[in-house]
Amino acid sequence: MNHTTFAKTPPMGWNSWDCYGATVTEEEVKGNADYIAKNLKEYGWEYVVVDIQWYEPGAVSSVYRPFVPLEMDEYSRLIPATNRFPSARNGRGFKELADYIHNLGLKFGIHIMRGIPRQAVHANTPILGTNVGARDIAHPNSICPWNTDMYGVDASKEGAQEYYNSLLKLYAEWEVDFIKVDDIAASRLYDIHIEEIKLIRKAIDNCGRDIVLSLSPGPAPLQHANELKANANMWRMTDDFWDKWELLYGMFERCEKWSEHVSEGNWPDCDMLPLGHIGIRSVDGGGSDRFTRFTKDEQLTMMTLWCIFKSPLMFGGELRDNDEWTLSLLTNKEVLNMHRNSHSNKLVYRENDKIVWTAKDNELTYVALFNATDEETLLTVSLDQLGITSPKNVKDLWVNVEEGIVEEKIEAKVPAHGVKLIKLF
């Protein structure tokens, strides 16, 4: 089956990184899954993703502990730390947690680092289904500069494909639906790792289960767009995204550059939504335990840009602490309908940080008027610029108000760092 059929619309869900760093526990994962099932599933939110180092028993924050022992099976494969994931005892891995999430009608995902554990290489543990050991396939000069867990895999070596096959066989047995592979789309030392991406793609294709493939971190190189589309469902356009205006401001240019590559099953990824209660045990992003530093206008801008660009949506906060405002951002049916069903999504113009995007859905036209300046500004776009030849009704989607008929142009005063998102019908 073609991998682009695995994610016909941009994946939506929750990831543990922004609130718990490398330390999330089984109970925290279940608690957030319960919240999604009760409050968000009906709006299309479905993935529950355990981020990095679920195999590290002593993880304390988003700061990695270098060269510590990791939980691993006899075939060089990392397995969940049972002090954090009790249901993984006796070799059960993530199967019981996946069952719990599936029983809620949701999907289960995990984060992995590319490569093979260094501790496997140093002990030369076996590779399942081969006569080779971990040392035979390791690329000892291919390392991650920010995490000491892995060596890269040398794709030219006998056993390299079999190693990745064995990983995906294990994940399929656990009934994993989504894997986020890190240090691969844009490694700080080596650029993109195309050969390892191809090994993973082939392993997924041979594992007997439809598993969405997400590649991190970014910025993924634009010149490799076709190879990314041929192998992955989503890939990061950016390094880790946090609740800082300058990072959100920079996303407008990234979306503009990548918009022509958005297609069914291929989703350039703006990264996670650092909304709500974040930083609980994650000190990444220059903050501590906090609610998002984005203003309400900036939160609306982020949600609108991610949705009109059709980025995957992965919420980063502790969902159970959401206030009404944060929940309202995640449950606006018309905005999410645009995210799921629109097409022809593109920039109309950018002029002195006044930015207008549009998208279509049958007879509907969506228009987002973004004010990326530091003061309230009047934004204007004509129906002619939008390719519209007749008067239209106007509805503001975030405030849920119909505003009458427009005949020639749309004008709106938009607050600093804010947005006005309208539907024309």
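Quick notes on the rules
- Residues numbered from 1 in each chain as written.
- Predicted model: local features only at pLDDT ≥ 70, side-chain atom pairs only at ≥ 80, totals over all residues.
- Heavy atoms only, no water.
- UniProt positions renumbered as here; feature names shortened; annotations may be inferred.
- Pairing = 2+ DSSP bridges.
- Helix = DSSP H or I, 4+ residues; strand = E, 2+ residues; numbered from the N terminus.
- Axes fitted to C-alpha atoms, helices over the stretch in contact; angles between N-to-C directions.
- Salt bridge = Lys/Arg side-chain N within 4 Å of Asp/Glu carboxyl O.
- Buried < 20%, exposed > 50% of the residue type's maximum accessible area, 1.4 Å probe, protein only.
- Core = buried A, V, L, I, M, F, W, Y, C linked by side-chain atoms within 4.5 Å.
- Expected span 1.5 Å × (residues − 1).

- In the annotation of an unreviewed UniProt entry, the chain is listed under the name Alpha-galactosidase and assigned to Metabacillus niabensis.
- Reading the Catalytic activity (unreviewed entry) entry of the UniProt record for the chain gives the comment "Hydrolysis of terminal, non-reducing alpha-D-galactose residues in alpha-D-galactosides, including galactose oligosaccharides, galactomannans and galactolipids."
- In its Sequence similarities (unreviewed entry) section, the UniProt entry covering the chain states "Belongs to the glycosyl hydrolase 27 family."

**Examining the sheet that holds strand β1 (residues 12–15)**
Moving on, step 1. Spatially, eight strands are ordered β10-β9-β8-β7-β3-β2-β1-β13 in an open sheet, and the strand pairing comes out parallel. The sheet is open, and its two borders are formed by β10 (267–269) and β13 (313–315), each paired with just one other strand. Each strand axis lies, on average, 25 degrees off the axis of its neighbour in the sheet, ignoring direction.
Moving on, step 2. Pairing of β1 with β13, which is carried by three bridges, proceeds in the parallel orientation. Bridging from a neighbouring strand, Trp-14 pairs with Phe-315 of β13.

**Considerations on the pattern of salt bridges**
Moving on, step 1. Tallied over the entire structure, the rule returns 30 salt bridges.
Moving on, step 2. Lys-95 is paired through a salt bridge with Asp-99; the nearest N and O atoms lie 2.7 Å apart. Placement of the pair is Lys-95 and Asp-99 together in helix α3 (residues 95–103), with a separation of four residues, close to one helical turn.
Moving on, step 3. Of the residues examined, Lys-95 reaches a relative accessible area of 26% and is grouped as partly exposed.
Moving on, step 4. Note that Glu-403 is salt-bridged to Lys-420, the shortest N-O span being 2.9 Å. Placement of the pair is Glu-403 in strand β19 (residues 401–406) and Lys-420 in strand β21 (residues 418–424), with a sequence separation of 17 residues.

**A closer look at the nonpolar core**
Moving on, step 1. Core analysis: the biggest nonpolar cluster contains 129 residues, and Trp-45, Ile-110, Ile-116, Tyr-171, Ile-179, Leu-215 and Trp-306 have the highest contact counts within it.
Moving on, step 2. Among the elements that make up this core, the one with the highest residue count is helix α6 (residues 160–174) (nine residues).
Moving on, step 3. Tyr-349, Leu-379, Leu-386 and Leu-424 belong to the second largest nonpolar core, which has 16 residues in total.

**Quick look at α6**
Moving on, step 1. Between the first and last C-alpha of α6 there are 22 Å, a value that for 15 residues agrees with the 21 Å anticipated at 1.5 Å per step.
Moving on, step 2. Among the 15 residues that make up α6, eleven are buried, leaving the element largely enclosed by the rest of the structure.
Moving on, step 3. Listed in full, the buried residues belonging to α6 are Ala-160, Gln-161, Tyr-163, Tyr-164, Ser-166, Leu-167, Leu-168, Leu-170, Tyr-171, Ala-172 and Trp-174.
Moving on, step 4. One or two positions beyond α6, positive phi appears at Glu-175, with a value near 65 degrees.

**Re the sheet that holds β21**
Moving on, step 1. Strands sit in the order β14-β15-β16-β21-β18-β19 across an open sheet of six strands; the sheet is antiparallel. Edge positions in the sheet fall to β14 (343–351) and β19, since each has one partner strand and no second. Looking at each pair of strands side by side, their axes are set apart by 20 degrees on average, direction ignored.
Moving on, step 2. By the bridge criterion, eight bridges tie strand β15 (residues 354–361) to strand β16 (residues 364–371) in an arrangement that is antiparallel. Directly across from Thr-358, in β16, lies its bridge partner Val-367.

**Some remarks on the UniProt feature "domain: Alpha galactosidase C-terminal" (unreviewed entry) in the chain**
Moving on, step 1. Per the UniProt entry, the sites bearing "domain: Alpha galactosidase C-terminal" (unreviewed entry) are residues 353–424 in this numbering.
Moving on, step 2. Taken end to end, residues 353–424 comprises 0% helix and 64% strand; its first and last C-alpha atoms sit 23 Å apart.

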